[in-house]
Amino acid sequence: GVLVSFLYLICTASRLARVNVSEPDLKKFTGLPSPAGAAGIAALVYLDPSPLNDQLFVGISATVAVLLAYFMVSRIPYISIKTFHMSHMPLRGRLGLAGIIALTWYSSSIGFMTLAGGYALSGPAQYLWQMWKDRGTATPLGTSDGDSA
């Protein structure tokens with residue numbers, strides 16, 4: 001527990017230091033913003049506020065904290081809320097957002113976890129999607145069109 005907490009603290013400090021010395025970019029963040037990382041930890045605590053007696057939940061919590069810490073110091077791009085415009089959002093996105101709002105109204109702990117987890121995973125998902133799109137003509141199994149069977 002102490003090691004995971006210390007790792008999270010060091011990664012958060014590194015993330016804030018990088019923001020202070022880098023050029024501002026209003027369209028995206030490089031790495032998970034530290035408030036979003038804190039929201040992930042807060043959502044996890046809000047999901048189960050009881051003391052950590054269950055070893056499975058302790059392991060999941062430690063894994064989530066380490067992943068959030070890694071995402072903060074990574075070079076994975078995350079979208080900025082400043083570029084979010086409902087007028088440019090397709091219907092699927094609007095329905096998804098309405099679903100998250102309804103879920104938060106129905107069960108605030110699950111809705112908050114979905115929102116925080118969704119944003120934390122949006123960067124790696126978008127990064128992997130972009131890598132997959134840019135890989136050329138290779139098939140999902142890693143073979144290209146010119147390979148013989």
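Quick notes on the rules
The residue numbers shown here count from 1 along each chain, following its written sequence. The predicted nature of this model means local features are confined to residues of pLDDT at least 70 and side-chain atom pairs, given and counted, to a pLDDT of 80 or more, with totals for whole chains, interfaces and linings taken over all residues. The side-chain numbers reported here are obtained from all heavy atoms of the structure, hydrogens and water having been left aside. Cavity: a set of points on a 1 Å grid over the protein atoms alone where a 1.4 Å probe fits but cannot get out. Pocket: an open set with protein on both sides within 12 Å along at least five of seven lines, its lining residues, like those of a cavity, having an atom within 4 Å of a point. Grid points are joined across faces, edges and corners, and a volume is the space filled by probe spheres set on the points. Comment: elements are numbered from the N terminus, with helices defined as DSSP H or I runs of at least four residues and strands as E runs of at least two. By the convention adopted, Pro, Cys, Tyr, Trp, Phe, Met, Ile, Leu, Val and Ala count as nonpolar, Lys, Arg, Asp and Glu as charged, and the other residues, Gly among them, as polar. The cut-offs for exposure are 20% and 50% of the maximum accessible area for each residue type, with area from a 1.4 Å probe on protein chains only; residues under the lower value are buried, those over the upper are exposed, and the others partly exposed. Whether two residues are in contact is decided by their heavy atoms, any of which lying within 4.5 Å being enough. As used here, the term nonpolar core means buried Ala, Val, Leu, Ile, Met, Phe, Trp, Tyr and Cys residues forming a set that is joined through side-chain atoms within 4.5 Å. Every patch collects residues that have over 30% relative accessible area and no salt bridge, joining them within 9 Å if they carry like charges and within 5 Å if they are nonpolar side chains (Val, Leu, Ile, Met, Phe, Trp, Tyr). The accessible surface values rely on the Shrake-Rupley method and a 1.4 Å probe; as for residues, cover is taken only from the protein chains in view. Just to be clear on terms, a salt bridge is a Lys or Arg side-chain nitrogen sitting within 4 Å of an Asp or Glu carboxyl oxygen. Fitting a line to C-alpha atoms yields each axis, with helices limited to the stretch in contact; the angle taken between N-to-C directions then spans 0 to 180 degrees. Roughly parallel refers to an angle under 35 degrees, roughly antiparallel to one over 145, roughly perpendicular to one between 65 and 115, and oblique to any angle outside these ranges. Each crossing gets its handedness from the near helix: less than a right angle anticlockwise from the far helix is left-handed, clockwise is right-handed. Here a Phe, Tyr or Trp ring, Trp counted by its six-membered ring, pairs with any other such ring whose centre lies within 6.5 Å, and the pair is stacked when the planes are under 30 degrees apart, edge-to-face when over 60, and tilted otherwise. Every residue is assigned a pLDDT by the predictor, reflecting its confidence on a scale from 0 to 100.

Draft legend 1. How the structure looks around the layout of surface pockets. The space that makes up the largest pocket amounts to roughly 600 Å³. In terms of lining residues, the largest pocket is bounded by 19 residues, among which Ile79, Ile81, Phe84, Leu115 and Tyr119 are the most central. Mapped by element, the contributors of at least two residues to the lining of the largest pocket are helix H2 (34–47), helix H4 (91–106) and helix H5 (108–133). Its residues placed into classes, the lining of the largest pocket shows 14 nonpolar, five polar and no charged.

Draft legend 2. Geometry of the environment of alanine 39. Here alanine 39 is to be found in helix H2. Classification of alanine 39 as partly exposed rests on a relative accessible area of 23%. Look past the residues within four positions of alanine 39 in its chain and what remains in contact with it is Phe112 and Ala116.

Draft legend 3. View of the nonpolar core. Grouped together as the largest cluster of nonpolar side chains are 11 residues: Tyr8, Cys11, Leu32, Ala36, Leu68, Ala69, Phe71, Met72, Ile76, Tyr78 and Ala120. Elements with a minimum of two residues in this core: helix H1 (2–21) and helix H3 (55–73). In terms of residue count, the dominant contributor to this core is H3 (four residues). Setting aside residues up to four positions removed in sequence, methionine 72 forms contacts with Tyr8, Cys11, Thr12, Arg15, Arg18, Gly31, Leu32, Pro33 and Ser34.

Draft legend 4. The environment of alanine 43, seen in detail. With respect to the secondary-structure elements, alanine 43 resides in helix H2. The spatial distance from the C-alpha of alanine 43 to the C-alpha of glycine 111 is 9.0 Å, given a sequence separation of 68 residues.

Draft legend 5. Geometry of a nonpolar patch on the surface. A contiguous nonpolar surface patch, about 300 Å² in accessible area, is contributed by Phe6, Leu9 and Ile10. For leucine 9, the location among the structural elements is in helix H1.

Draft legend 6. How the structure looks around the packing of H1 against H3. Interhelical geometry of H1 versus H3 gives an angle of 20 degrees and a closest axis separation of 8 Å. By the angle class used here, H1 and H3 are roughly parallel. For the pair H1 and H3, the sense of crossing is left-handed. Side by side, H1 and H3 meet where Val4, Leu7, Tyr8, Cys11, Thr12, Ser14, Arg15 and Arg18 of the first sit next to Ala62, Ala65, Val66, Leu68, Ala69, Met72 and Val73 of the second.

Draft legend 7. Examining the packing of aromatic side chains more closely. Scanning the model with the defined rule gives four aromatic pairs in all. Ring centres of tyrosine 70 and phenylalanine 71 lie 6.0 Å apart, and the angle between their planes is 55 degrees; on these two criteria the pair is classed as tilted.

Draft legend 8. Layout of the confidence of the model for the protein. Looking at the protein, the pLDDT average stands at 83 and 90% of residues meet or exceed 70. The secondary structure element of the protein with the lowest average pLDDT is strand E1 (residues 28–30), at 86, and the one with the highest is H2, at 91. Below pLDDT 50 for its whole length, residues 137–149 participates in eight contacts with residues either more than four positions away or in separate chains.

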